[in-house]
Amino acid sequence: MSTQETGTATHDGYFTKTLGETDPEIHTALMAEEDRQRDGIELIASENIVSRATLEAVGSAIVNKTVEGYPGKRYYGGAVHADVIEQLAIDRAKQLFGAAYANVQPHSGSQANLAVFLAFLKPGDTVLSMDLSAGGHLSHGSSANLTGKWFNIVHYGVSEVDGLIDYDDVLRLAHEHRPKLIICGGSAYPRAIDFARFRAIADATDSILLADMAHFAGLVAGGAHPSPVPHAHVSTATTYKNLRGVRGGIILAQDVSLERKLNSAVFPGVQGSVILNAIAAKAVCLGEALRPEFKTYAHAVLNNARMLAATLVERGVDIVTGGTDTPLLLIDLRGKNLTGAEAAESLERAGLTSNKNGIPGDTQPPTITSGLRFGVSAGTTRGFGQQEFEIIGNLIANVLDAAPSGGTDLTSIEHTTQAQVKQLCERFPIYRAPV
Ligand code: DSN
């Protein structure tokens, strides 16, 4: 018999060697990513920097455990600790958002939204949601998404004049199309939504109201933004944006009688076994969000977003709706004769990472766009305050002002900015993650 046939299944060092020792290629890439995060300014609105405690939970041995179902009702044995962890996450989510029901299993915000579709709709049913180009989200019925392929989607937009939701138009569309589900919230709408008004519209047409608070859940948790939870039949959120936790989604509701429907829509409806290390990390982030210091962080996010907006406006940059009530702002680059793709690339070379984003009425394709989306959550977490976001606003404006001229001038601005970015980041260091 060969050594392979007689040897033990765990090779020498399987339980003891570090990643650097066993897989230098992956380790090097992870270290480089850590450096990128440490030395650059992160302005992608869906990102943040998790706590050391969250990293520990994600990297814990609970990753080995398989369970299906819910605490106390599992299909596999050995779930005693998994039950404790998931129940803690559920209880913390309910407490944080004042909800009667919470499901913490969705692998992402899109999965959470899909579960809501499955819970309440049949293929072909009508859904009224915000157009992607107006700030909606792919999982709200984009033609490229399953929700757009299997359901009859009607979209509302925003006013071409001020970029705001026209509630009378939403009501008109609701009366005209009698949707089974109405969705408010999205991924690039920077202003507070009138949830009570949306609920009144949903009630007028006997529709279910889903509020997707992915981009402001952290502010709701920290008392810096109105909550949709008391108004919507169901609210969904992601845990990794301004809520400052691991990647994943949650579903909340006020009516406990929805529990059976929503739970079975998540599992076995759209998901299988639970990603337990993510559930543990969600519990950690929800616990952090229940502490008083999270309120300070949430208010700082809002103040920083408003400072960034004010600085950019001062520098002649057009902002959709003129400002923000959330951690994100949407920049209209048409006046600067720049595309979103060009601007995002130039900013990234300068050490400022953001994403190109469609703006209302955009004529450019999604791969190019006429806009940029900025978020301040990650910067706020590393300690930047209003003073730093004023500096960042000026750095962004310097790059955008130089970009149309191109050539060496642009390169020199990018280089100068990169050095200023590095200096700023060195004053606000982040952890060296245990990878
Ligand atoms: N929905 C995407 C975004 O807003 O960036 C990912 O979370």
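Attention in this report is confined to the structure presented alongside it.

Rules of the game
Residues numbered from 1 in each chain as written. Predicted model: local features only at pLDDT ≥ 70, side-chain atom pairs only at ≥ 80, totals over all residues. Heavy atoms only, no water. Helix = DSSP H or I, 4+ residues; strand = E, 2+ residues; numbered from the N terminus. Rg over C-alpha atoms; globule rule 2.2 N^0.38 Å. Buried < 20%, exposed > 50% of the residue type's maximum accessible area, 1.4 Å probe, protein only. Contact = heavy atoms within 4.5 Å. Areas by Shrake-Rupley, 256 points an atom, 1.4 Å probe, with all protein chains shown as cover. Lys, Arg positive; Asp, Glu negative; His and termini not counted. Charge placed at Lys NZ, Arg CZ, Asp CG, Glu CD. Pairing = 2+ DSSP bridges. Axes fitted to C-alpha atoms, helices over the stretch in contact; angles between N-to-C directions.

## Quick word on the overall build of the protein chain
Of regular secondary structure, the protein chain possesses 17 helices and 15 strands. In terms of C-alpha radius of gyration, the protein chain reaches 23 Å, essentially the compact-globule figure of 22 Å for 435 residues. Each of the three principal axes of the protein chain carries a C-alpha extent, and together these read 70 × 60 × 45 Å. Going through the 435 residues of the protein chain one by one, you find that 53% of them count as buried. Long-range contacts, defined here as pairs at least 24 residues apart, represent 74% of the contacts in the protein chain between residues at least 6 apart. Accessible surface, the protein chain: about 19000 Å² in total, of which carbon and sulfur atoms supply 52%. Side chains of the protein chain give 36 positive and 46 negative charges; the mean places of these two sets differ by 5 Å.

## Brief notes about the sheet that holds strand S4 (residues 101-103)
Spatially, the seven strands line up as an open sheet ordered S4-S10-S9-S8-S7-S5-S6, and their pairing is mixed. Among the strands making up the open sheet, the edge pair consists of S4 and strand S6 (152-156). For this sheet the average axis-to-axis angle between neighbouring strands, irrespective of direction, equals 20°. With three bridges joining them, strand S8 (residues 208-212) and strand S9 (residues 234-238) adopt parallel strand pairing. Residue pairing in the sheet places Asp212 in a bridge with Thr236 of S9.

## Comments concerning the side chain of Thr339
As for its placement among the helices and strands, Thr339 is situated in the loop between strand S12 (328-332) and helix H14 (340-349). Take Thr339: its relative accessible area is 14%, and that puts it in the buried class. Residues in contact with Thr339, not counting those within four places in the same chain, are Leu333, Gln364, Ile368 and Thr369.

## Here we look at the pairing of strand S15 (residues 371-375)
With respect to burial, S15 is a largely interior element, five of its five residues being buried. Where burial is concerned, the two faces of S15 agree: the one with Gly371, Arg373 and Gly375 and the one with Leu372 and Phe374 are both buried. Where S12 and S15 come together, five bridges link them in antiparallel fashion. Pairing of Ile331 across the sheet is with Leu372, part of S15. Note: strand S14 (residues 355-357) against S15, three bridges, orientation antiparallel. By the bridge assignment for S15, Asn355 is matched with Arg373.

## Structural notes on unusual backbone geometry
For the bond running from Phe267 to Pro268, omega is 10°, close enough to zero to count as cis. Residue placement: Pro268 occurs in helix H11 (residues 259-270). Phi at Arg244 is positive, roughly 70°, even though this residue is not glycine. With respect to the helices and strands, Arg244 occurs in the loop between S9 and strand S10 (249-253). A positive phi angle, close to 55°, is found at Asn337, a residue other than glycine. Residue position: Asn337 is located in the loop between S12 and H14. Using a relative accessible area of 68% as the deciding quantity, one classes Asn337 as exposed.

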